[in-house]
Amino acid sequence: MLDQLLQGSLEDAKSRRQIRPYAAVEAEALARPTALDALAHLAPADHIRVIAEVKRASPSRGDLAEIAEPHALASQYEAGGASVVSVLTEERKFKGSLDDLEAVRKAVSIPVLRKEFIGEEYQILEARAAGADLVLLIVAALPQETLERLYAFTLELGMTPLVEAHSADEVARSVDLGAQLIGVNARDLSTFELDRDLFGRVADQIPAGVIRVAESAVLGVDDVVRYREAGADAILVGEALVTSDPIATLASFLSV
Ligand SMILES: O=P(O)(O)OC[C@@H](O)[C@@H](O)c1c[nH]c2ccccc12
């Protein structure tokens, strides 16, 4: 499934590239104002940091919310105290788009993450051209060499890579990369199975000073407390926010 998602994202990028060639997107990316310092926004604090996600649907959970105005939702996230907004741009299964990302960028002044199945530089340039400050790099989707290349490319553009792991081995690969922001996804992107204890088992492998993000299946305050106790600096939350009053839900999470 993960491979299928990556191949789909790469095919869609290829179609866009027919219309907006590499050099054109590169020029746009380089003309953007400097990316925001996401690590500063996510620095450990006396409350948990929230990366709030604009997410319409997922292959594991189906349709979640219509979200006709992603920029309005993102503004609520910012008003509610989110540190970063994540925008799913994958079109086929998550019903997102780069247009969503651009609209969100215009609406908020906190950092914005492009959430996509990234496998080549072009997608990272597109992210920067649309105003993203961070991109997701999924360890399970990429050979280490490609991961290293895309990681370095992201840094060259002044952006922050969020490196996502789903096992002890993948956390080790993220640490080897020198990642400063590591996400542990409770959901296996190949089987969609949830492992809510994974973060707690691997958190100690992440060196001090690296920001630790617990991703997926945070539905209520109890989950936030559990992740906080296990050492999470931040959580990445989609479903719980798009299916509730986001301001109230954020307030409850930030009170932990
Ligand atoms: O909606 P949730 O369960 O709160 O999950 C958010 C986020 O962690 C999830 O969307 C996610 C984490 N890693 C990903 C990689 C690709 C697509 C989606 C994801």
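Since the structure is predicted, the reported quantities are computational estimates derived from the model, not experimental observations.

Chemist: Kindly report on the site of the ligand, identifying the contributing residues and their values.
Modeler: Among the 15 residues in the neighbourhood of the ligand, the closest are listed as Glu215, Ser216, Leu236, Gly238 and Glu239. Among the secondary structure elements, those contributing two or more residues to the shell around the ligand are strand 10 (234-237) and helix 11 (239-242). Looking at the shell around the ligand residue by residue, the classes come out as six nonpolar, three polar and six charged.

Chemist: Describe in detail the environment of serine 167, supporting the description with residues and values.
Modeler: Within the element layout of this structure, serine 167 appears in the loop between strand 7 (160-165) and helix 8 (168-177). The exposure class of serine 167 is partly exposed, given the 17 C-beta atoms found within 10 Å. Sequence-wise, serine 167 and leucine 198 are 31 residues apart; in three dimensions their C-alpha atoms are separated by 7.4 Å.

Chemist: Help me get a handle on unusual backbone geometry, residues and values and all.
Modeler: Although it is not a glycine, isoleucine 67 adopts a positive phi angle of roughly 50 degrees. Along the chain, isoleucine 67 falls in the loop between strand 3 (62-63) and helix 4 (70-79). The exposure class assigned to isoleucine 67 is partly exposed, which follows from the 18 C-beta atoms found within 10 Å. Here the phi dihedral of phenylalanine 192 falls at roughly 70 degrees; this positive angle occurs in a residue that is not glycine.

Chemist: I'd like a description of the pairing of strand 4 (residues 84-88), backed by residues and values.
Modeler: Here strand 4 lies mainly inside the structure; five of its five residues are buried. What you see with strand 4 is no split at all: Val84, Ser86 and Leu88 on one side and Val85 and Val87 on the other are buried throughout. In this structure, strand 1 (residues 49-54) lies alongside strand 4, joined through four bridges in parallel fashion. Counterpart to alanine 52 in the pairing with strand 4 is valine 85.

Chemist: Go over the UniProt feature "domain: Indole-3-glycerol phosphate synthase" (unreviewed entry) in the chain, please, and point to the residues and values.
Modeler: UniProt records the feature "domain: Indole-3-glycerol phosphate synthase" (unreviewed entry) for residues 2-245 in the present numbering. When the span residues 2-245 is considered, its composition is 42% helix and 18% strand, and the gap between its end C-alpha atoms is 31 Å.

The rules behind each value
Chains are numbered independently. Their residues run from 1 in the order of the written sequence. For this predicted model, a pLDDT threshold of at least 70 governs which residues receive local features, and a threshold of 80 or more governs which side-chain atom pairs are given and counted, while totals over whole chains, interfaces and linings are taken from all residues. Being near a molecule or strand means, for a residue, that its C-beta atom, positioned from the backbone, comes within 6 Å of it. The helix and strand labels rest on DSSP assignments: H or I over at least four residues marks a helix, E over at least two residues marks a strand, and numbering proceeds from the N terminus. Each residue receives one of three labels: charged for Asp, Glu, Lys and Arg, nonpolar for Ala, Val, Leu, Ile, Met, Phe, Trp, Tyr, Cys and Pro, and polar for the others, Gly being one of them. The burial criterion counts other C-beta atoms lying within 10 Å of a residue's C-beta, which is placed from the backbone; the residue is buried at 20 or more, exposed at 12 or fewer, and partly exposed between these limits. Strand pairing is assigned whenever DSSP identifies at least 2 bridges connecting the two strands. UniProt positions are given in the numbering used here, feature names are shortened, and annotations may be inferred rather than shown by experiment.

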